[in-house]
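Here is what each chain is made of, one letter per residue.
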Amino acid sequence: MSTSGSILFDRLGYFVVSGVYSALSTVVLSILILYVALTFYYKKIYKPKPVPLYRPIPGPKVNGIITNVVPLLSIFRNKAASNSVLLFQLACAYSHVFRKEGMWLFYGGFKKILILHKAETVEPVLNSSEVLSKGFEYEFLTPMLKEGLLTSKRGKWRNRRKLLTPAFHFRILDEFIPIFNEQAKIFASKIASSMEKAEWIDIAPITSLCTLDIICETAMGKKINAQINSESPYVQALHKFCHAAVERLLRPWVWADAIYYRTKDGKKFKRCLDVMNNFTRKVVAERKVQKLQEIAEQSPNHDEGFDEVIGRKNRRRQALLDLLLDVHLNDETFTLEDVAEEVDNFMFAGHDTTSSGLSFALYMLGLHPEIQRKVQQEIDDVLGDDEDRQITLDDIKQLKYLDCVLKETRRLWPPTPFIARDLEEDLIIDGCLVPKGTSCGILIYMLHRDPDVFPNPEVFDPDRFLLKHAAGRHPFAYVPFSAGPRNCIGQRFAMFEGVTVMATILRKFHVKSLDALDRIHLVDELVLRSENGLRMSFVPRKFREDH
């Protein structure tokens, strides 16, 4: 090779090496600059919170959208009991498996559902001022309840709760006790006439008619006489609506409105809804006309007196509808449709829940004659010899053991065995990070059977609720009316009603249950029911015969 060729080759190699070196230097320098910039942003500007180590959420080892279809298919294929009964039993069985953990996660379709059944896991959800949105299950009730107190969310719920709380003041509830007495006596007469025709009766449907009469008169100020006319269109529509809502919940393929309302069941559901809506709105409109007429006829100098505690003038006994109309007439933003919404919410929430509690209370006393005798002794001591005497608020306060019986019944047979909240932000529950979007279901039925809180949980023992035994109990271990900010606004109403009706029946009858506990097939149809009914016999008491 010539000298000039060698020099040219060397220079070419030099330029190539220098270019590569320069390019590599530029890349390395760019990477260093990017690294420094990202590090500065990450540590000085972004400032991420340290990520703590959370425990994995308990649940079945094989858990997913597809794998959870297998047990559901086995339920739908099983003919030993209804789908609702088997589904409820499955939820309780899993809760037994994860008893110590107090929670377990599964997939309901594409939705994560976390079941909670221990006081320590329930408290972070129910006691939160942020976890206020009801679970997706309640969406199937919105055709009737709209955005009333039971189903409304956050801001609207806070406003409605504040607005409606005075309607459940102690003094107003006292005015409802005569209604409790009147309807309880009709209930007793229906039991007596039914027992003349048969050796036993299913107490659940009869009790349901009694509580429906009570809630109609107290909520709407209107007698529908459901106990006398059980074929009333409104009564039939309400019962069919509740059953249809549960059936729809168990069938994801009809969750979409566009599909459901084209089915035979959906069309029946719509007809029931129309009957109830028309009835409620007619009552509201008629009562508003009456109220305006009463106001117009009042003398301007007439002094009715003003109650500073409940913020309204003292008048004749008023229904909850009257109190809502007072708000409507003073605040145009609270429309007649809002009034009707809340009346529907009272009707739904205060009807079957109370009926369930009363039916199971009578059933449990029918299984435990020694406890029944103790309750009857207390009733006789408080109310005296006159079995037709009206029960008063003072009487209700003195019937402490009967109150314990009702509380223990609600522990074993909570009227609402399952409630749900949807998480709108992450929540830490017992060391587990539960992501937002999860539906937290509180299985109250199993929560009340925690042996760490209630020893021998399957034993019916009203003494658990004597003050000396209940003191120190975890506040979220017993929540038949829910707990926390979104607890049941009508729980005192239900307690007064329950004591009045039970005392009326037990003054007149000895009760006996014909089916043992293992013959009762429980089902969660928004409220707890026995699918095969509660067969009972009632024998009239000869007053003071057992004294």
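No experiment lies behind these values; they were computed from the predicted model shown. (Residues numbered from 1 in each chain as written. Predicted model: local features only at pLDDT ≥ 70, side-chain atom pairs only at ≥ 80, totals over all residues. Heavy atoms only, no water.)

(A) Layout of empty space enclosed by the protein. Throughout the structure, instances matching the rule amount to one cavity of 30 Å³ or more. In terms of lining residues, the largest cavity is bounded by Asn181, Lys185, Glu387, Arg389, Ile391, Thr504, Arg507 and Lys508. Mapped onto the lining of the largest cavity, the elements with two or more residues apiece are helix 7 (170–195) and helix 20 (491–508). Residue contributions to the lining of the largest cavity peak at three residues, all from helix 20. Class assignment for the residues of the lining of the largest cavity results in one nonpolar, two polar and five charged. (1 Å grid on protein atoms, 1.4 Å probe; cavity = no way out; pocket = protein on both sides within 12 Å on 5 of 7 lines; lining within 4 Å. Points joined across faces, edges and corners; volume = space filled by probe spheres on them. Helix = DSSP H or I, 4+ residues; strand = E, 2+ residues; numbered from the N terminus. Nonpolar A, V, L, I, M, F, W, Y, C, P; charged D, E, K, R; others polar.)

(B) Spatial organisation of the side chain of Gln376. The residue Gln376 is located in helix 15 (residues 369–383) in this model. At 3.4 Å, the side chain of Gln376 and the side chain of His510 are in polar contact. (Polar contact = N/O pair within 3.5 Å; in protein donor to acceptor, adjacent residues only side chain to side chain.)

(C) The arrangement of the sheet that holds strand 13 (residues 535–540) in detail. Read from one edge of the open sheet, three strands run 3-13-10, paired in antiparallel fashion. Two strands bound the open sheet, and with one partner strand each, they are strand 3 (201–202) and strand 10 (509–513). The pairing of strand 3 with strand 13 spans two bridges and is classified as antiparallel. In the sheet register, Ile201 faces strand 13, and the bridge partner there is Met536. Contacting strand 10 and strand 13, helix 20 runs over the sheet at an angle of about 100° to strand 10. (Pairing = 2+ DSSP bridges. Contact = heavy atoms within 4.5 Å. Axes fitted to C-alpha atoms, helices over the stretch in contact; angles between N-to-C directions.)

(D) Local environment of the UniProt feature "binding site: heme" (unreviewed entry) in the protein chain. The feature "binding site: heme" (unreviewed entry), as annotated in UniProt, sits at Cys488 in this numbering. On the secondary structure map, Cys488 appears in the loop between helix 19 (467–470) and helix 20. Contact partners of Cys488, with chain neighbours within four places excluded, come to Arg161 and Phe481. (UniProt positions renumbered as here; feature names shortened; annotations may be inferred.)

(E) Broad picture of a positive patch on the surface. The grouping of Lys240, Lys264, Lys267, Lys268 and Arg271 at the surface amounts to a positive patch. Take the positive patch: its biggest share by element is four residues, from helix 11 (residues 264–297). Residue class for Lys268 comes out partly exposed when judged on its relative accessible area of 41%. (Patch = residues over 30% accessible without salt bridge, like charges linked within 9 Å, V, L, I, M, F, W, Y side chains within 5 Å. Areas by Shrake-Rupley, 256 points an atom, 1.4 Å probe, with all protein chains shown as cover. Salt bridge = Lys/Arg side-chain N within 4 Å of Asp/Glu carboxyl O. Lys, Arg positive; Asp, Glu negative; His and termini not counted. Charge placed at Lys NZ, Arg CZ, Asp CG, Glu CD. Buried < 20%, exposed > 50% of the residue type's maximum accessible area, 1.4 Å probe, protein only.)

(F) Up close: the packing of helix 8 (residues 203–220) against helix 20. Contact geometry of helix 8 with helix 20 gives a least axis separation of 12 Å together with a crossing angle of 130°. The pairing of helix 8 with helix 20 is recorded here as oblique in orientation. Handedness of the crossing formed by helix 8 with helix 20: right-handed. Across the interface between the two elements, Thr211, Ile214, Ile215 and Thr218 of helix 8 pack against Phe493, Glu497 and Val501 of helix 20. Taken together, the residues that form the contact of helix 8 with helix 20 break down as four nonpolar, two polar and one charged. (Parallel < 35°, antiparallel > 145°, perpendicular 65-115°, else oblique. Left-handed = near helix turned anticlockwise from the far one by under 90°.)

(G) Up close: the sheet that holds strand 1 (residues 103–108). Taken together, the four strands give an open sheet; going across it, the order is 1-2-9-6, and neighbouring strands pair in mixed fashion. Edge positions in the open sheet fall to strand 1 and strand 6 (418–422), since each of these has one partner strand only. Averaged over all neighbouring strand pairs, the angle between strand axes comes to 25°, with direction disregarded. Taken together, the four bridges between strand 2 (residues 111–116) and strand 9 (residues 439–443) define a ladder with parallel strand orientation. When the sheet's bridge partners are listed, Leu114 is paired in strand 9 with Cys440.

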